[in-house]
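Residue strings, one per chain:
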Amino acid sequence: MDDEANIIDVQFGKSIIDSKASLTYDQAQVIIDTHNEVESPLQTSIKNLNKLAKILKKRRLEAGALTLASPEVRFKLDAETQDPTDLSLYNIKESNSMVEEWMLLANITVSKKILKHFPTLGVLRRHQPPSRDQFVPLLLSARVAGFELDITNSRTLADSLDLAVREDDSMFNKLLRMLATRCMMPAQYFCSGEISKDQWHHYGLATQVYTHFTSPIRRYADVVVHRLLAASLGIEQLPNEYTDRKQMQELCSHMNKRHRAAQHAQRASVAIYSVAYFRNNPIVEDAYIMEIHDDSVKVMVPKFGIESAVSYDALAKSFGADVAAVNPERNRLDFTVMGWEK
């Protein structure tokens, strides 16, 4: 790769990593932010990686890749009881983005390699574009706030989301991106020989082919892709069960099911620990209304990155709110609180 992040050559091989450092994202961010006249080889390497990552990201976004938002909650647990003692919204740093870009590039590059050797047996990941109906909640919310979003394709959506900014509310754009995330179809694993090529595209990343390769310690799909790559290099033989594309598609379907189950478990875990924390630490914080329903509203607390449904009965009991009219289709809720009409 040259200084402008143009790939000159790609080599694959089994190797030994000669690690020079083990860094957290915070530690890597300190290196990125620190400017010294004389830098260590580690500092220079991190900064060069970050420089190239910025170029790679710029190209992805220009190609139509989406920058969406999904709040990630972090808990601190008591060492003895494992009860939550604190929770906060995880802040994404420049170092996170740097690592993400190199992981994306590795995944895309490996997907092309395994397809070259196993065109009908590759395990890929696709992301289909949402239908217009799926975009309705996002379009309505944006329109109520005075913005029109262009959903013609991922590039026009990305550009219009960039323009949907309120100077008096730094959280507004992030909330819109969260709503955009909910409009998306779930990404899916599939066998390249069982899905037509025109259906391979990854909408969110704006790339024609993609797979999961970089995290074999926590994702089984990556283990499968590692085996395919090893076989393509002649390092290992392809397992017999990987030679039948119908079996590979069944494996992909199973991985999709387990991935969804893992997501549900993660969300349930966050909900349980959130209840456990606030039960012992009641607090009043500002919240944004994300959705309006016939019997409740869904709110998000930015400070903690958590969401919950609040029934109108609960509003009445806690704040004396008398709901007069509800119109979910227009994102409108009329109510009275202590004599003030809203």
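Treat the numbers as computed from the prediction; the structure is a model and nothing was measured.

A closer look at the side chain of N256
- Along the chain, the position of N256 falls in helix α8 (residues 245-280).
- According to the relative accessible area criterion, N256 is buried, its value standing at 9%.
- N256 has contacts with R125, Q188 and Y189, leaving out every residue within four places of it along the chain.

Focus on a nonpolar patch on the surface
- On the surface, M1, I7 and V10 cluster together to form a nonpolar patch covering roughly 250 Å² of accessible area.
- Within the fold, M1 resides in the segment before α1 (25-33).

Remarks on the environment of H212
- Take H212: it is sitting in the loop between β4 (188-191) and α7 (220-232).
- Sequence-wise, H212 and V73 are 139 residues apart; in three dimensions their C-alpha atoms are separated by 24 Å.
- If sequence neighbours within four positions are ignored, H212 has contacts with N107, R125, Y189, R219, A221, D222 and V225.
- Within the local environment of H212, its side chain forms a polar contact with the side chain of Y189, the two groups lying 2.7 Å apart.

Overview of the packing of helix α2 (residues 41-62) against helix α3 (residues 94-117)
- For the pair α2 and α3, interaxial distance at closest approach is 9 Å and the crossing angle is 70°. Classified by the angle their axes make, α2 and α3 are roughly perpendicular. Crossing hand, α2 versus α3: left-handed. Facing I46, L49, N50, L52, A53, K54, L56, K57 and R60 of α2, the residues of α3 in contact are E94, S97, M98, E101, W102, L104 and L105.
- Split into classes, the residues belonging to the contact of α2 with α3 amount to nine nonpolar, two polar and five charged.

A short note on the nonpolar core
- If you look at the biggest cluster of nonpolar residues, it comprises 26 residues, and the most contacted ones within it are F135, L138, L149, L157 and L176.
- Those elements that provide at least two residues to this core are α4 (132-144), α5 (154-163) and α6 (172-183).
- Leaving out residues up to four positions away in the same chain, L176 has contacts with L138, A142, L161 and A164.
- Counting residues in each nonpolar core, the second largest holds 20 residues, with L121, A221, V225 and L229 among its members.

Overview of the state of the cysteines
- Under the definition given, this model contains zero disulfides.
- Of the cysteine sulfurs around C191, a residue in no disulfide, the closest is that of C252, at 6.1 Å.
- Look at C252 and you get buried, because its relative accessible area is 0%.

Remarks on α8
- The terminal C-alpha atoms of α8, which comprises 36 residues, lie 53 Å apart, in line with the 52 Å expected from a rise of 1.5 Å per residue.
- When α8 is considered as a whole, its buried residues turn out to be M248, Q249, L251, C252, M255, N256, S274, A276 and Y277.
- In this fold, the buried residues of α8 make contact with β1 (73-77), β2 (84-89), β3 (123-126), β4, α7 and β7 (306-311).
- Two to three positions downstream of the cap, the backbone nitrogen of K246 sits 2.8 Å from a side-chain oxygen, assigning the N-cap of α8 to D244.

What counts and what doesn't
- Residues numbered from 1 in each chain as written.
- Predicted model: local features only at pLDDT ≥ 70, side-chain atom pairs only at ≥ 80, totals over all residues.
- Heavy atoms only, no water.
- Helix = DSSP H or I, 4+ residues; strand = E, 2+ residues; numbered from the N terminus.
- Buried < 20%, exposed > 50% of the residue type's maximum accessible area, 1.4 Å probe, protein only.
- Contact = heavy atoms within 4.5 Å.
- Patch = residues over 30% accessible without salt bridge, like charges linked within 9 Å, V, L, I, M, F, W, Y side chains within 5 Å.
- Areas by Shrake-Rupley, 256 points an atom, 1.4 Å probe, with all protein chains shown as cover.
- Salt bridge = Lys/Arg side-chain N within 4 Å of Asp/Glu carboxyl O.
- Polar contact = N/O pair within 3.5 Å; in protein donor to acceptor, adjacent residues only side chain to side chain.
- Axes fitted to C-alpha atoms, helices over the stretch in contact; angles between N-to-C directions.
- Parallel < 35°, antiparallel > 145°, perpendicular 65-115°, else oblique.
- Left-handed = near helix turned anticlockwise from the far one by under 90°.
- Nonpolar A, V, L, I, M, F, W, Y, C, P; charged D, E, K, R; others polar.
- Core = buried A, V, L, I, M, F, W, Y, C linked by side-chain atoms within 4.5 Å.
- Disulfide = S-S within 2.5 Å.
- Expected span 1.5 Å × (residues − 1).

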